[in-house]
Amino acid sequence: MTGLPPDVRREELVETTTTVNGELVTVAVPARLHVADFLRQHLGLTGTHVGCEQGACGMCTVMVDGEAVKSCLMFAVQLDGRNVQTVESLAEDDRLSPLQQAFKDEHALQCGFCSPGFLMTATALANQGGCPSREEIREEIAGVLCRCTGYENIVTAIERWFAESPQRAADGDAPELTTPTRPATTGGRR
Ligand code: FES
Ligand code: FES
């Protein structure tokens, strides 16, 4: 874990200004509070889930300045001046984002506890540009654990999302799907 800034004592409250899902927030936070608890307890953004709190499960993954970060391994005070995106930033007007829709259509979740971690890891992967292969997607999501589904459908959902991205299609950069996709659903459990 990265340590606290040298001028910060462990027990003090520290005013921290950060942009979270496009909104500037300034909050006095305990110096030892980690980002996952900051998001959940101070901002009410409970879409970021907490599992192991030691960097092993990836459930708590968010994006900080466009990169995937395990938020249980970062102090909230380290967000000062930085830009955070959580899973709540993905849906638009209560409609699932294309990535979320791909997870739904490919049956890539059961309990859904791990899903925010996978969704934000995939979103950060897209920020790197290019079009990852199925193997590269597997490598990238290796830091997130799922106890329910196995990983095939999760990889397929992410692969499909990359393949169907309008921008990538326009660039001629969309990958060939290596697995057949499931028909889209309108809702309900299967
Ligand atoms: S809760 Fe952060 S990696 Fe498990
Ligand atoms: S869907 Fe349940 S842990 Fe992944």
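These notes cover the structure that comes with them. Small disclaimer: the values here were computed from a predicted structure and weren't measured.

### Notes on the environment of R40
Mapping R40 onto the fold places it in helix 1 (residues 35-42). For R40 and V50, which are 10 residues apart along the polypeptide, the C-alpha to C-alpha distance reads 9.4 Å. If near-sequence neighbours (up to four positions away) are discounted, R40 is found in contact with L45, T46, T48, H49 and V50.

### Thoughts on the pattern of salt bridges
In total, this model carries seven salt bridges according to the counting rule given. Linking E152 and R134 is a salt bridge whose minimum nitrogen-to-oxygen distance equals 2.9 Å. Highlighted residues: E152 in helix 5 (residues 152-164) and R134 in helix 4 (residues 134-140), separated in sequence by 18 residues. A salt bridge links R134 to E159, with the shortest nitrogen-to-oxygen separation between them at 2.8 Å. With R134 in helix 4 and E159 in helix 5, this pair connects stretches of sequence that are 25 residues apart. For the residue pair R134 and E159, the accessibility class agrees, reading buried in each case.

### Concerning the side chain of E159
The exposure class of E159 is buried, given its relative accessible area of 3%. Within polar-contact distance, the side chain of E159 engages the side chain of R134 at 2.8 Å.

### Focus: the packing of aromatic side chains
Considering all chains together, one arrives at two aromatic pairs under this definition. Considering the side-chain rings of F118 and Y151, the 6.2 Å spacing of their centres and the 65 degrees angle between planes classify their relative orientation as edge-to-face. Within this pair, whereas F118 is found in helix 3 (residues 115-127), its partner Y151 is found in the loop between helix 4 and helix 5, the two being separated by 33 residues in sequence.

### What to know about helix 3
Because an α-helix completes one turn every 3.6 residues, residues spaced three or four positions apart along the sequence face the same direction. The first and last C-alpha atoms of helix 3 sit 18 Å apart over 13 residues, in line with the 18 Å expected at 1.5 Å per residue. For helix 3, a buried count of 12 out of 13 residues is recorded, marking the element as mostly surrounded by other parts of the structure. Backbone geometry just after helix 3 places G129 at a positive phi near 80 degrees.

### Digging into the nonpolar core
One finds F103, F118, I154, I158, W161 and F162 to be the most contacted residues of the largest nonpolar core, which totals 27 residues. Within the residue set of this core, elements represented by two or more residues are helix 2 (98-105), helix 3 and helix 5. Here this core gets seven residues from one element, more than from any other, and that element is helix 3. Taken together, domain 1 (13-89) and domain 2 (98-170) each give at least three residues to this core, which thus spans both.

### Side note on the pairing of strand 3 (residues 61-64)
Of the two faces of strand 3, the one lined by T61 and M63 and the one lined by V62 and V64 are each fully buried. Across four bridges, the pairing between strand 3 and strand 4 (residues 67-70) is antiparallel. Note that in strand 4 the partner of M63 across the bridge is A68. Taking the residues between adjacent antiparallel strands as the criterion, strand 3 and strand 4 are bridged by two residues, where D65 takes a positive phi near 50 degrees. Sheet analysis places strand 3 next to strand 5 (residues 83-85), joined by two bridges and oriented antiparallel. When the bridges of strand 5 are listed, M63 appears paired with Q85.

### Observations concerning the sheet that holds strand 2 (residues 23-30)
An order of 2-1-5-3-4 is seen for the five strands of this open sheet, with the pairing classed as mixed. Since the sheet does not close on itself, it has two edges, and those belong to strand 2 and strand 4, each with one partner. Between one strand axis and the next, the sheet turns by 40 degrees as a mean value, whatever way the strands run. On the sheet, helix 1 packs against strand 1 (13-20), strand 2, strand 3 and strand 5 and is oriented at approximately 110 degrees with respect to strand 2. On the sheet, helix 3 packs against strand 3, strand 4 and strand 5 and is oriented at approximately 30 degrees with respect to strand 3.

### Topic: the packing of helix 3 against helix 5
It is the contact of helix 3 with helix 5, at a shortest axis distance of 11 Å, that shows an interaxial angle of 35 degrees. Here the hand of the crossing between helix 3 and helix 5 comes out right-handed. Contacts between helix 3 and helix 5 pair F118, A122, T123, L125 and A126 from the former with I154, I158, W161 and F162 from the latter. Within the contact of helix 3 with helix 5, the residues separate by chemical class into eight nonpolar, one polar and no charged.

Criteria and cut-off values
Residues numbered from 1 in each chain as written. Chains lettered and ligands numbered in written order. Predicted model: local features only at pLDDT ≥ 70, side-chain atom pairs only at ≥ 80, totals over all residues. Heavy atoms only, no water. Helix = DSSP H or I, 4+ residues; strand = E, 2+ residues; numbered from the N terminus. Contact = heavy atoms within 4.5 Å. Salt bridge = Lys/Arg side-chain N within 4 Å of Asp/Glu carboxyl O. Buried < 20%, exposed > 50% of the residue type's maximum accessible area, 1.4 Å probe, protein only. Polar contact = N/O pair within 3.5 Å; in protein donor to acceptor, adjacent residues only side chain to side chain. Phe/Tyr/Trp six-rings, centres within 6.5 Å; stacked < 30°, edge-to-face > 60°. Expected span 1.5 Å × (residues − 1). Core = buried A, V, L, I, M, F, W, Y, C linked by side-chain atoms within 4.5 Å. Domains from an automatic or database assignment. Pairing = 2+ DSSP bridges. Axes fitted to C-alpha atoms, helices over the stretch in contact; angles between N-to-C directions. Left-handed = near helix turned anticlockwise from the far one by under 90°. Nonpolar A, V, L, I, M, F, W, Y, C, P; charged D, E, K, R; others polar.

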